[in-house]
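Fold and geometry: a report
In case you want the letters, here they are:
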Amino acid sequence: MAEQISIPQIGASDIGYLSFFQDIEIGFPIKRIYYTYEAPKGTKRGFHAHKKLQQLVWCPYGDITIILDNGTSRENVRLDSPSSALFIRQGIWREMIWNRKNSVLCVAASDHYDEEDYIRDYDVFIKLVDEGFWNYERNTI
Ligand code: TYD
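This write-up is about the structure you can find in this document.

What to know about the site of the ligand
By nearness alone, every residue bordering the ligand is listed as R32, Y34, R45, G46, H48, M96, Y113, Y118 and R120. G46 is positioned such that a nitrogen or oxygen atom in its backbone is 3.0 Å from an oxygen atom of the ligand. Surface burial for the ligand is 65%, taken as the share of its 530 Å² of free accessible area covered by protein chains. Among the cavities detected, the one that contains the ligand is the largest pocket. When residues of the shell around the ligand are traced back to their parent elements, those giving at least two are β4 (32-36) and β5 (44-50). Ranked by residue count, the leading element in the shell around the ligand is β5, at three residues. Classifying every residue of the shell around the ligand by side-chain character gives four nonpolar, two polar and three charged.

Some details on the nonpolar core
If you look at soluble globular proteins, the nonpolar side chains tend to sit buried side by side. Ranked by internal contacts, the top residues of the largest apolar core, which has 15 residues, are I66, L79, L86 and L105. With three residues, the top contributor of residues to this core is strand β7 (residues 64-69). Ignoring sequence-local partners within four residues, the contact set of L105 consists of Y34, Y35, T36, V57, W58, I64, I66, L79, M96 and W98. I5, I26, V104 and C106 belong to the second largest nonpolar core, which has 11 residues in total.

About the criteria used
- Residues numbered from 1 in each chain as written.
- Predicted model: local features only at pLDDT ≥ 70, side-chain atom pairs only at ≥ 80, totals over all residues.
- Heavy atoms only, no water.
- Near = heavy atom within 4 Å.
- Polar contact = N/O pair within 3.5 Å; in protein donor to acceptor, adjacent residues only side chain to side chain.
- Areas by Shrake-Rupley, 256 points an atom, 1.4 Å probe, with all protein chains shown as cover.
- 1 Å grid on protein atoms, 1.4 Å probe; cavity = no way out; pocket = protein on both sides within 12 Å on 5 of 7 lines; lining within 4 Å.
- Sits in = over half its atoms within 2 Å of the grid points.
- Helix = DSSP H or I, 4+ residues; strand = E, 2+ residues; numbered from the N terminus.
- Nonpolar A, V, L, I, M, F, W, Y, C, P; charged D, E, K, R; others polar.
- Core = buried A, V, L, I, M, F, W, Y, C linked by side-chain atoms within 4.5 Å.
- Buried < 20%, exposed > 50% of the residue type's maximum accessible area, 1.4 Å probe, protein only.
- Contact = heavy atoms within 4.5 Å.

Structural measurements only, silent on function.
Pasting the structure below:
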């Protein structure tokens, strides 16, 4: 479920590093980029899934645990390196925990912000998984 992407690093310890990624690693056209910052240690965010939205998330500074849930199992991914990113497809419930204050979470999203695309109730999420909402063979989403 966790699809981690290693981001190339250019540079050296005495001058710092430059990291980048582009369309080939991302796999979808980016329509929106946003980031979350100045959250205290221990902050928990997320607690939602998306109907259609795909996202690439990375933590250029700090240490954040991402909990991914596909309705049958859970997986934890620790984002504590600026050279590591995580792809989160549609239909994945996610929770994020700030392990260090001021960690920055960046998100590249496949679409504009649309509250209608959110599922914020875990019971509704499980119901949709059970109904096969994200089953590509029966649904075009
Ligand atoms: P949300 O996606 O729930 O982020 P998190 O899981 O980190 O809490 O968004 C938080 C709030 O911000 C929510 O009220 C929706 C709003 N929001 C926007 O107004 N524009 C955006 O682009 C995004 C992603 C969220």
